[in-house]
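# Structural description and commentary
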Amino acid sequence: MVARIVEVEAYRGSDDPASHAFRGRTPRNAPMFGEPGHAYVYFTYGNHYLLNITTQKAGTPGAVLIRGVQPTEGIEMMRRLRPHVPDSELTNGPGKLTKALGVDKALNGLDMTRKGALFVVDRNESRFEIWRSTRIGIGEAGLNHLWRFYIRNNPYVSRHKPVRELKFS
DNA sequence: TCGAAGATTCTA
DNA sequence: AGAATCTTCGAA
């Protein structure tokens, strides 16, 4: 399976009350304090795995939450992992896409910069426009920052109304 | 050890 | 708008 990342959110550390790393290191958020480019997968609301990719050098917490992806190869498998769902709803949310891609805690801590069960490559695309907005599903904690980034109007961006949005690049 | 909250999703 | 569902964390 291959999918294109179309929506992400940034999370930091002690300066970001919405982040799991806000109060320091715990067993769950340990990957956020590790090497960059690694998976941070956690379970929430009794149902969903959410996938992050760490971003900062070891010792400095930081990660990017993957909130939406666009299927490009192997969509049949994604349909099997998320049955009775129209294609447009397959991967347009952080909990939906992990289910459709078979991501769970077994991948927590994986180096995603090297070819393996789950990894990221740069396709060097340029023909799209990035917008930014407030993050989704957090309290007032992080509304000061526009730390959600997405390809506007892409159908696989999760459907939420951000408090504020503007063009980024 | 216990209670509360949660980077969500689905249904009514 | 509200329930489902269970792990994680911090306080007691």
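None of these values were measured; they are calculated from a predicted model. Counting of residues starts from 1 at the beginning of each chain's written sequence and follows it residue by residue. Chain A is the first chain written and ligand 1 is the first ligand written, with later ones labelled in order. For a predicted model such as this one, the threshold for reporting local features is a pLDDT of at least 70, and the threshold for listing and counting side-chain atom pairs is 80 or more; totals across whole chains, interfaces and linings nevertheless cover every residue. Heavy atoms throughout the structure, all of them, feed into the side-chain values; hydrogens and water do not.

## Considering the protein's contact with DNA strand B
H20, Y42, N52, R82 and G95 are the nearest of the 21 residues found near DNA strand B. Proximity is defined per residue: any heavy atom of the residue falling within 4 Å of a molecule or strand makes that residue near it. Near the protein, meaning within 4 Å, the atoms of DNA strand B are sugar or phosphate in a fraction of 46%, with bases accounting for the rest. Polar contact is the term for a pair of N or O atoms within 3.5 Å; when the atoms are in protein, one must be able to donate a hydrogen and the other to accept it, and sequence-neighboring residues count only if both atoms are side-chain atoms. The contact in question runs from a phosphate oxygen of DNA strand B to an N or O atom on the side chain of H20, over 2.5 Å. Take G95: an N or O atom from its main chain is 2.6 Å from a phosphate oxygen of DNA strand B. The helix and strand labels rest on DSSP assignments: H or I over at least four residues marks a helix, E over at least two residues marks a strand, and numbering proceeds from the N terminus. Only β2 (39-44), β3 (48-54), β4 (63-73) and α2 (94-101) provide two or more residues apiece to the surface near DNA strand B.

## Thoughts on the pairing of strand β5 (residues 130-133)
Buried residues are those whose accessible area, probed at 1.4 Å on protein chains only, stays under 20% of the maximum for their type, while exposed residues exceed 50% and partly exposed ones sit between those limits. Residues W131 and S133 point to one face of β5 and are all buried, whereas I130 and R132, pointing to the other face, are not buried. Taken together, the four bridges between β5 and strand β6 (residues 148-151) define a ladder with antiparallel strand orientation. Opposite R132, over in β6, you have F149 as the bridge partner. Two strands qualify as a pair provided that DSSP identifies no fewer than 2 bridges between them.

## Points about the protein's contact with DNA strand C
Taken together, the neighbourhood of DNA strand C is formed by R23, T26, P27, R28, F43, Y45, G46, N47 and K105. In DNA strand C, the atoms that sit within 4 Å of the protein are 86% sugar and phosphate, with bases accounting for the remainder. In this structure, a base oxygen belonging to DNA strand C sits 2.6 Å away from a main-chain N or O atom of Y45. At 3.1 Å, a side-chain N or O of K105 approaches a phosphate oxygen of DNA strand C.

## Digging into the pattern of salt bridges
For this document, the term salt bridge refers to a Lys or Arg side-chain nitrogen within 4 Å of an Asp or Glu carboxyl oxygen. Going through the model one piece at a time under the given rule, you end up with 12 salt bridges. Put simply, R114 and D111 hold a salt bridge, and the shortest N to O gap is 3.7 Å. On the basis of relative accessible area, D111 is assigned to the partly exposed category, the value being 23%. One salt-bridge network, in which partners are shared between bridges, spans E7, E9, R67 and R148.

## Some words on unusual backbone geometry
Glycine aside, residues mostly have negative phi angles, and peptide bonds mostly take the trans form. One non-glycine residue with positive phi stands out, namely Y45, at about 50°. Assignment of secondary structure puts Y45 in the loop between β2 and β3. One non-glycine residue with positive phi stands out, namely N124, at about 60°.

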